[in-house]
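# A look at the structure
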Amino acid sequence: MGDNSKNYEEFTINFKLEEDVPIDQYELTMYNYEFVGNNTKCQVVEIDNVRALQFKIPATLPLELFLKKQLYKGEFLSILSNIMNQLMYFDENKMPLNKLLLNIQYMYIELSTLDVQLIYMPVNKKFADCNITEFIQKFIGAIRFANMDCVELVDKILKYLDSKLMFDLQDFYNYVLSLEQDMLLEDAGQDSDPKGKGSTTVLTTSSNYSNPVPYLLRLKTNELIPILTKEFMVGKSADSNYQIIDNKKVSRRHAIFRISNGECYVRDNESTNHTFVNGKLLQPGVEIILSNDDYIRLGDEEFRFWVR
């Protein structure tokens, strides 16, 4: 359908345009505004004398890849709410929803915010009808759930959809907002409970979204790697928590990531080709604390550290 290139900070995707298909200038202008998390820009270009729609998409991952990891309740609701928010924007501005590519293969996500970038085709031509209910069901079907809290939430949403004779976008949007509000109230109640506070740690698989799991994003493969143990070793050895077998510059037990008091630290484990954070060489055995979006290099193997 289009050709796609990426540099891990921005995706570029081009769609060939038939010569006789006019651009809807109003829709193009409205789409190029920054709205409810969507910062994608669209323009008409010529590539090898072929007219095309070009989208510049500021995102970290295709949504399809992101959904290969297990989602918690808060993550799922945040993504669904963002998508529904954008659908409301298009609907309120009289932009037909069937011009959206409602397919997770053509959606992109920024890890630091969970904002989803949707692609809209601002052209005057006939598109197939759009079934929002079907899209939501397919989206839910692509999700791997982290715990029963998320499963129960999704079950509520599916029952809501089944109970409606006709889908109403505004009603469903309000329903999603009410679920978010309920989750915030639940979290506030847990935070005010001393027992709840004492029993929650950074590694707990809890519905409380204020206790996130840290991840490494392997830039070569776009793989999301959850750090699920207090000491997490990365290296070539089979006993590593994450094993790298396709890079000779990574040592057998190259680096250790350690979780303590809600923070993540990294130390070089006397590797041959060293460990770097944001370009700075780490001394073997010396830990440094990691911040969101730090770039980590093991030899020449690059990762991005992410916490949500």
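Each chain carries its own residue numbering, running from 1 in the direction its sequence is written. Confidence filtering applies because this is a predicted model: local features only for residues at pLDDT of at least 70, side-chain atom pairs given and counted only at 80 or more, and all residues used for totals across whole chains, interfaces and linings. Side-chain numbers here rest on the full set of heavy atoms in the structure, without hydrogens or water.

## Description of the overall build of the chain
- The helix and strand tally for the chain stands at seven helices and 20 strands.
- The contacts in the chain between residues at least 6 apart in sequence include a share of 60% that link residues at least 24 apart. Segments assigned H or I by DSSP are reported as helices when at least four residues long, segments assigned E as strands when at least two residues long, and all are numbered from the N terminus. We call two residues contacting when some pair of their heavy atoms lies within 4.5 Å.

## With respect to the sheet that holds strand 7 (residues 108-110)
- A pair of strands is considered paired only if DSSP assigns at least 2 bridges between the two. With respect to topology, three strands assemble into an open sheet ordered 5-7-8, the strand pairing being antiparallel. Strands at the two margins of the open sheet, each flanked by one partner only, are strand 5 (61-62) and strand 8 (115-117).
- Bridge analysis of strand 7 against strand 8 gives three bridges, and the strand direction is antiparallel. Looking at strand 8, one finds that Glu-110 is bridged to Asp-115.
- Helix 3 (residues 73-92) rests against strand 7 and strand 8 of the sheet, and its axis sits at about 50° to strand 8. Lines are fitted to the C-alpha atoms to define the axes, a helix being fitted only along its stretch in contact, and any angle between axes, read from their N-to-C directions, falls within 0 to 180 degrees.

## Brief notes about the packing of aromatic side chains
- A pair of Phe, Tyr and Trp rings is counted when the ring centres sit within 6.5 Å of each other, with Trp represented by its six-membered ring. The angle between the planes then sorts it: under 30 degrees is stacked, over 60 is edge-to-face, the rest tilted. Within the structure shown, the criterion is met by 19 aromatic pairs.
- Taken together, a centroid distance of 4.7 Å and an interplanar angle of 45° make the contact between Phe-11 and Tyr-108 tilted. In this pair, Phe-11 sits in strand 2 (residues 10-16) while Tyr-108 sits in strand 7, placing the two residues 97 residues apart along the sequence. Of the two residues examined, Phe-11 and Tyr-108, each falls in the buried class.
- A centroid spacing of 5.9 Å and a plane angle of 80° characterise the contact between Tyr-31 and Phe-55, whose relative ring orientation is edge-to-face. Residue Tyr-31 is found in helix 1 (residues 25-32), and its partner Phe-55 is found in strand 4 (residues 50-58); the two are separated by 24 residues along the sequence.
- We classify Tyr-31 as buried; its relative accessible area is 0%.
- Relative accessibility decides the category of a residue: with a 1.4 Å probe and only protein chains considered, values under 20% of the type maximum give buried, values over 50% give exposed, and everything between is partly exposed. What makes Phe-55 buried here is its relative accessible area of 0%.
- What links up through ring pairs into an aromatic cluster is the set Phe-15, Tyr-31, Phe-35, Phe-55, Tyr-89, Phe-90, Tyr-106 and Tyr-120.
- In this analysis the charged atom, NZ for Lys or CZ for Arg, is taken to sit over a ring once it is within 6 Å of the ring centre and within 35 degrees of the ring normal. Positioned above the aromatic ring of Tyr-265 is the side chain of Arg-258, whose terminal nitrogen or guanidinium carbon lies 5.0 Å from the ring centre.

## Concerning the pairing of strand 19 (residues 295-298)
- In strand 19, alternate side chains face the same way, and those of Ile-296 and Leu-298 are buried while those of Tyr-295 and Arg-297 on the opposite face are not.
- Strand direction decides the pairing type here: strand 16 (residues 275-277) and strand 19, joined by three bridges, are antiparallel. Residue pairing for strand 19: Thr-275 is matched across the bridge by Leu-298.
- In terms of strand pairing, strand 19 meets strand 20 (residues 301-307) through four bridges, oriented antiparallel. The residue bridging Leu-298 from the neighbouring strand is Glu-301, located in strand 20.

## Here's the deal with a negative patch on the surface
- A surface patch of like charges, here negative, comprises Glu-18, Glu-19, Asp-20 and Glu-46.
- When you line up the elements, Glu-18 lands in the loop between strand 2 and helix 1. Here, patches come from residues exposed beyond 30% relative accessible area and free of salt bridges, joined within 9 Å for like charges and within 5 Å for nonpolar side chains (Val, Leu, Ile, Met, Phe, Trp, Tyr). Working definition of accessibility: Shrake-Rupley area with a 1.4 Å probe, residue cover restricted to the visible protein chains. By definition, a salt bridge exists where a carboxyl oxygen of Asp or Glu is found within 4 Å of a side-chain nitrogen of Lys or Arg. Counting rule for charge: Lys and Arg are taken as positive, Asp and Glu as negative, and neither His nor the chain ends is counted. One atom stands in for each charge, and that atom is NZ of Lys, CZ of Arg, CG of Asp or CD of Glu.

## Section: helix 5 (residues 148-163)
- Expected span, for any helix, means 1.5 Å times one less than how many residues it has. Compared with the 22 Å implied by 1.5 Å per residue over 16 residues, the 22 Å span of helix 5 between its first and last C-alpha is a close match.
- Within the span of helix 5, buried status applies to Cys-150, Leu-153, Val-154, Ile-157, Tyr-160 and Leu-161. Considered in projection along helix 5, the buried side chains sweep an arc of 115° and stay on one side of the axis. Among the exposed residues of helix 5, those oriented more than 90 degrees off its buried face are Met-148, Lys-159, Asp-162 and Ser-163. The arc refers to the directions leading from the helix axis to the C-beta atoms.

## A closer look at the packing of helix 3 against helix 5
- Remark: helix 3 packs on helix 5, axes separated minimally by 8 Å, with the N-to-C direction vectors making an angle of 35°. Note on element contacts: helix 5 touches helix 3 through Asp-149, Cys-150, Leu-153, Val-154 and Ile-157, opposite Lys-73, Phe-76, Leu-77 and Leu-80.
- The residue inventory of the contact of helix 3 with helix 5, partitioned by class, reads seven nonpolar, no polar and two charged. Gly is put with the polar residues, along with every residue not named as nonpolar or charged; the nonpolar set is Ala, Val, Leu, Ile, Met, Phe, Trp, Tyr, Cys and Pro, and the charged set is Asp, Glu, Lys and Arg.

## Here we look at the nonpolar core
- Nonpolar cores were defined as sets of buried Ala, Val, Leu, Ile, Met, Phe, Trp, Tyr and Cys residues, with membership established by side-chain atoms within 4.5 Å. Judged by nonpolar contacts, the single largest core of 75 residues is most densely connected at Phe-66, Phe-76 and Phe-139.
- If one sorts the elements of this core by residue count, helix 3 sits on top with 10 residues.
- The contacts of Phe-139, once residues within four sequence positions are left out, are Leu-63, Leu-67, Phe-76, Ile-79, Leu-80 and Ile-104.

## Observations concerning the confidence of the model for the chain
- With 88% of its residues at a pLDDT of at least 70, the chain reaches an overall mean of 86.
- Ignoring residues within four places in sequence, the model shows residues 194-211, a span with pLDDT below 50, making 33 contacts including any to other chains. You can read pLDDT as the predictor saying how much it trusts each residue, on a scale of 0 to 100.

## Details of the sheet that holds strand 20
- Strand order in this open sheet of six strands is 11-10-20-19-16-17, and the pairing throughout is antiparallel. With one partner strand each, in any of the chains shown, strand 11 (223-226) and strand 17 (280-281) form the two edges of the open sheet.

## Quick notes on the pattern of salt bridges
- Following the criterion strictly, the structure yields 13 salt bridges and no others.
- Lys-69 is the partner of Glu-75 in a salt bridge, and the nearest nitrogen-oxygen pair spans 2.9 Å. For the pair Glu-75 and Lys-69, one class covers both residues: buried.
- Between Arg-258 and Glu-287 there is a salt bridge, with the nearest N and O atoms lying 2.7 Å from each other. On the criterion of sequence distance, the pair formed by Arg-258 in strand 14 (residues 255-260) and Glu-287 in strand 18 (residues 287-289) is long-range, its members being 29 residues apart.
- Look at Arg-258 and you get partly exposed, because its relative accessible area is 22%.
- A residue is classified by how much of its surface remains accessible, and Glu-287, at 28% relative accessible area, is partly exposed.

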